[in-house]
Amino acid sequence: MRKLQHRLRFVTVSVWDNFLECIFPPRCFVCDRLLETSDVRKKRKIHLACRKHLYPVVQPYCYHCGRPLLDVQTEYCEDCRKHRSFIQEGRSLFVYRGAVQQSMYRFKYANRRRYSCFLAEEAAQRLGAWMVEKRIEAIIPVPLYFRKERYRGYNQAALFGEALSKKMQIPCVSHLVIRVKNTRPQKELNGKERENNVKNAFQSLDNVVKYKRVLVVDDIYTTGSTVEAVAEKLKEAGVEQVFVLTACIGRDF
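Throughout this document, residue positions are counted from 1 along each chain, in the order its sequence is written. Only residues with pLDDT of at least 70 get local features here, since the model is predicted, and only at 80 or more are side-chain atom pairs given and counted; chain-wide, interface and lining totals rely on the full set of residues. The side-chain quantities take in all heavy atoms of the structure and omit both hydrogens and water.

K.L.:
Tell me about the overall build of the chain, residues and numbers included.
P.N.:
Helix and strand content of the chain: nine helices and six strands. Here, residues are in contact when the closest pair of their heavy atoms is within 4.5 Å. A fraction of 74% describes how many contacts in the chain between residues 6 or more apart in sequence connect residues 24 or more apart. Throughout, the Shrake-Rupley method with a 1.4 Å probe supplies accessible areas, and for residues the shown protein chains are the sole cover considered. Total accessible area on the chain is roughly 13,900 Å²; 51% of this is exposed by carbon and sulfur atoms. Secondary structure is summarised from DSSP: a helix means a run of H or I of at least four residues, a strand means a run of E of at least two, and numbering begins at the N terminus for each.

Set out below in structure tokens:
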């Protein structure tokens, strides 16, 4: 029954996606202009010429959080060398620099919800094998505070998680963790302030979580304070291993 419900949900999402595409023509993730008919026909989510303005995360990167490193001889970034972590391993799609900064701003604040399809497609193509190798059982989006989500109209991490769920056939479970504190935007704070800002900001709704290996997804990884706080609550609830996937991440240099 659970498998049937999961399949029916994917069919419903596909029908809804097709409807949205008719009402709101898809836009390029980078330049935000409408995609050409040829792009749509070939299921592209980005102009070919725009892809050169993105910086995919490639090696060398931190073995733990996935942050790009300058030195190929370095195994871990400075943050991961200093702090204890509740996260098993993290990966990101793009370096947070250049054109992608405006793309993520539009995704987060300007109602560009369909960008989640591009991000999910990239994640499935480039990191799908990694997710299979880690035997991910559920995708957990980082939650927004309910008033903030109501004002914005959506949670960009949840959109990313749901789109990735569709691509990878892994359930997206948004109800396991809630944000109980209306925190300040992390971009306004320094490292220690970010850590204090999200302390006790999340709560697990289940005392015993049935999933043992989960993937927390978010839009941007800066210091990792937010995903660490979510991972801590998940592990307290019984999750054995927490992996992280973000759309973008800052560099260690």
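Still to come is the rest of the account.
K.L.:
Residue-level account of the pairing of strand 6 (residues 241-249), with values.
P.N.:
Burial classes follow relative accessibility: with a 1.4 Å probe on protein chains only, a residue under 20% of its type's maximum area counts as buried, one over 50% as exposed, and anything between as partly exposed. In terms of burial, strand 6 is a largely internal element, nine of the nine residues being buried. Only strands joined by at least two bridges in the DSSP assignment are considered to pair. With six bridges joining them, strand 1 (residues 89-95) and strand 6 adopt parallel strand pairing. Across the sheet, residue Val95 finds its bridge partner in strand 6, namely Ile249. Note that strand 5 (residues 213-221) and strand 6 share eight bridges and pair parallel.

K.L.:
Tell me about the packing of helix 5 (residues 115-133) against helix 7 (residues 156-168), and name the residues and values.
P.N.:
Packed helices, taken two at a time, are described by the angle between their axes plus the distance between the axes. Where helix 5 contacts helix 7, the axes come no closer than 9 Å and their chain directions differ by 55 degrees. Overall, the two elements helix 5 and helix 7 adopt an arrangement that is oblique. Along this stretch, helix 5 crosses helix 7, giving a crossing that reads as right-handed. Residue-level contacts link Ser116, Cys117, Leu119, Ala120, Glu121, Ala123, Ala124, Gly128, Met131 and Val132 of helix 5 to Leu159, Phe160, Ala163, Leu164, Lys167 and Met168 of helix 7. The angle between two axes is taken between their N-to-C directions and runs from 0 to 180 degrees, where each axis is a line fitted to C-alpha atoms and a helix contributes only its stretch in contact. Between 65 and 115 degrees an angle is taken as roughly perpendicular, under 35 as roughly parallel, over 145 as roughly antiparallel, and anywhere else as oblique. Crossings are classed by handedness, with left-handed meaning an anticlockwise turn of the near helix from the far one by less than a right angle and right-handed meaning a clockwise turn.

K.L.:
So what about the sheet that holds strand 6? Which residues, and what values?
P.N.:
Taken in spatial order, the four strands of this open sheet run 1-6-5-2, and their pairing is parallel. In the strand order of this sheet, the two ends are held by strand 1 and strand 2 (138-141), each with one partner. Ignoring strand direction, the axes of neighbouring strands in this sheet form an average angle of 20 degrees. Its contacts with the sheet place helix 9 (residues 225-236) against strand 2, strand 5 and strand 6, and it is angled at close to 160 degrees to strand 5.

K.L.:
How would you explain the state of the cysteines if you had to name every residue and give the values?
P.N.:
Disulfides are defined in this document as cysteine sulfur pairs within 2.5 Å. On inspection of all chains with the given rule, the structure shows zero disulfides. Looking at Cys80, it has no disulfide partner, and the nearest cysteine sulfur is the one in Cys77, 3.6 Å off. Among the residues examined, Cys80 registers a relative accessible area of 19% and is labelled buried.

K.L.:
Describe in detail helix 9, supporting the description with residues and values.
P.N.:
An expected span of 1.5 Å times one less than the residue number is assigned to each helix. An ideal rise of 1.5 Å per residue puts 16 Å on twelve residues; helix 9 measures up with 17 Å between its terminal C-alpha atoms. Within helix 9, nine of the twelve residues are buried, which leaves it mostly tucked inside the rest of the structure. Remark: Gly238 follows helix 9 within two positions and exhibits a positive phi of approximately 115 degrees.

K.L.:
Tell me about the packing of helix 4 (residues 99-109) against helix 5, and name the residues and values.
P.N.:
Relative orientation of the contacting elements helix 4 and helix 5 amounts to 125 degrees, with a least axis distance of 10 Å. Between helix 4 and helix 5, the interaxial angle falls into the category oblique. Facing Ser103, Arg106 and Phe107 of helix 4, the residues of helix 5 in contact are Tyr115, Ser116 and Leu119. Its residues assigned to classes, the contact of helix 4 with helix 5 comprises three nonpolar, two polar and one charged. Three classes are used: nonpolar for Ala, Val, Leu, Ile, Met, Phe, Trp, Tyr, Cys and Pro, charged for Asp, Glu, Lys and Arg, and polar for all others, with Gly counted as polar.

K.L.:
Can you break down the side chain of Ser225 residue by residue, with the values?
P.N.:
Locating Ser225 in the fold gives a position in helix 9. There is a polar contact of 2.9 Å between the side chain of Ser225 and the side chain of Thr223. N or O atoms closer than or at 3.5 Å make up a polar contact, with two conditions inside protein: a donor-capable atom paired with an acceptor-capable one, and, for residues adjacent in sequence, both atoms drawn from side chains.

K.L.:
Report on the environment of Ala138, specifying residues and quantitative values.
P.N.:
Relative to the helices and strands, Ala138 resides in strand 2. Sequence-wise, Ala138 and Lys210 are 72 residues apart; in three dimensions their C-alpha atoms are separated by 9.9 Å. Apart from the residues within four sequence positions on either side, Ala138 is in contact with Ile170, Pro171, Val173, Tyr211, Arg213, Val214 and Leu215.

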